[in-house]
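Commentary on secondary and tertiary structure
Below are the chains, spelled out letter by letter.
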Amino acid sequence: MAKNYYETLGVEKNASKEDIKKAFRKLAQKHHPDKGGDEAKFKEITEAYATLADDKRRKEYDSYGRSFAGGGPGGQGGAQGFGGFDFSGFQQGDFQNVDFGDMFEGFGDLFGGRRQQRTPRGRDISIDIEVSFKDSVLGTKRSVLIAKIGQCDVCKGNGAKPGTELETCKTCGGSGRVHETRNSILGTFSSVRACSHCDGFGKIPKEKCNACNGKGVKRQEEEIQIQVPAGIDNGEMVRLPQQGEALKGGVAGDLYVKIHVKPHAIFRKDGANLIMELPLKLTDALTGTTVSIETIEGKTLEVKVPAMSKTEEVLRIREKGVPVEGGQRGDLLIKTSVTLPKKLSSRAKKAVEELKEEGL
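All of the points below concern the structure found in this document. Treat the numbers as computed from the prediction; the structure is a model and nothing was measured. Here the residue numbers are simple positions, counted from 1 along each chain's written sequence. Where totals are concerned, whole chains, interfaces and linings use all residues; where local detail is concerned, this predicted model gives features only for residues with pLDDT of at least 70, and gives and counts side-chain atom pairs only at 80 or more. Each side-chain value is derived from all of the structure's non-hydrogen atoms; neither hydrogens nor water enter the calculation.

1. Here we look at the sheet that holds strand β11 (residues 255-261)
Working definition: the strands of a sheet are paired by backbone hydrogen bonds and lie parallel or antiparallel to each other. The condition that has to hold: Note on pairing: DSSP must find at least two bridges between two strands before they are called paired. Each helix is a run of DSSP H or I of at least 4 residues and each strand a run of E of at least 2, with the numbering of both proceeding from the N terminus. For helices, the fitted axis covers only the stretch in contact; all axes are lines through C-alpha atoms, and the angles between them, taken along N-to-C directions, range from 0 to 180 degrees.
Strand order in the open sheet formed by three strands is β3-β11-β10, with mixed pairing between adjacent strands. If you trace the sheet from one side to the other, it starts and ends with β3 (125-131) and β10 (237-240), each paired once. Looking at each pair of strands side by side, their axes are set apart by 25° on average, direction ignored. Direction of pairing for β3 relative to β11: parallel, over a ladder of seven bridges. For Glu130, the partnering residue across the bridge sits in β11 and is His260.

2. Describing helix α2 (residues 17-31)
Since one α-helical turn is 3.6 residues long, residues separated by three or four positions face the same way. The line we're drawing: For a helix, the expected span equals 1.5 Å multiplied by the number of residues minus one. Accessibility here uses a 1.4 Å probe with only protein chains present; expressed as a share of the type maximum, an area under 20% marks a residue as buried, one over 50% as exposed, and anything in between as partly exposed. Starting at the helix axis, one direction is taken to each C-beta atom, and the arc is that of these directions.
Look at α2: 21 Å from first C-alpha to last across 15 residues, which is about the 21 Å you get at 1.5 Å a residue. If you check which residues of α2 are buried, you get Ile20, Ala23, Phe24, Leu27, Ala28 and His31. Axial view of α2: buried residues confined to an arc of 130°, hence all on one face. Of the residues in α2, the exposed ones pointing more than 90 degrees away from the buried face are Lys22, Lys26 and Lys30.

3. Considering the packing of aromatic side chains
Here is the rule: Only rings of Phe, Tyr and Trp enter the pairing, Trp through its six-membered ring, and a pair is recorded when the two centres are within 6.5 Å. The plane angle decides the type: under 30 degrees is stacked, over 60 is edge-to-face, the rest tilted.
Tallied over the entire structure, the rule returns three aromatic pairs. Note on Phe24 and Tyr49: the rings are 4.6 Å apart at their centroids and 5° apart in plane angle, and the pair reads as stacked. With a gap of 25 residues between them, Phe24 in helix α2 and Tyr49 in helix α3 (residues 39-52) connect regions that are remote in the sequence. Across the pair, Tyr49 and Phe24 agree in class, each one buried. Among the aromatic residues, ring-to-ring pairing joins Tyr5, Tyr6 and Tyr61 into one connected group.

Here it is, written out as structure tokens:
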């Protein structure tokens, strides 16, 4: 059964971000495992907050009942934090855009008096592409050219002019992080932020790269290869980890590709099955016939249609539908129907009269 994150946090679906934050703070303080709380419950509320506190994930969750931003931080597994508590088992584990540091600010000694150190992450971006119905069923590869902030191909992201050296940042001592200690009514706690002098890189160039002015990243066009999975539906999204915008000293964000499927003149999808309509003449329906049809791959298939006992019937052709996991495929369903003539010749009318005399 799908999880209801709103019920998990005890808030309404129209709750504000501040209401969600307050609800999580209260539950986190109660269930944190370092204070003898319920570990499973703490996982649930943290997963719920990770989705609902992020505008993009919350919108996806409200629309589809899940977030497409699965996987670990930056697409690289889980994360450790909050006194050694392991988040790697989460299905919705990508928490990089959710500010848990701010969330736990003020808890002081409750969480060991420190904030989780996170790797800086670039901005997520999204694009739309259109594919044919055939490609949506069988899968395909697409190459697109997009403009985004990417790693500088001249300095390879370090911001230094080729052939020059980097020197240790004096502000952060080469760590790329600056520690701050703050006091609150709940105690003393420390936080860590990226060094603004070196952008969290830990080193600064003696001579800046002329191509990116020492930033290590620049706006440029990049060719991206997209694998469109077989059986994808119209409106679904494909996530490409670390194919979003780059960030000096951090990991790139993700690229989300929304798929738009063009309708087909003959076929339509029903789960893993393909459906097509096949109108038959009255005589073919009564006596049976053999027809040639073209499969989704473009191959010709001879289909034997037996004499019909009613005006509409369905023929099932095994393994000619949509590919599914395990190398299997759905079926092709051919919906046959009788097409009646709009006008009868005198000869046809005579034949029909004879049929009536036979009791048909």
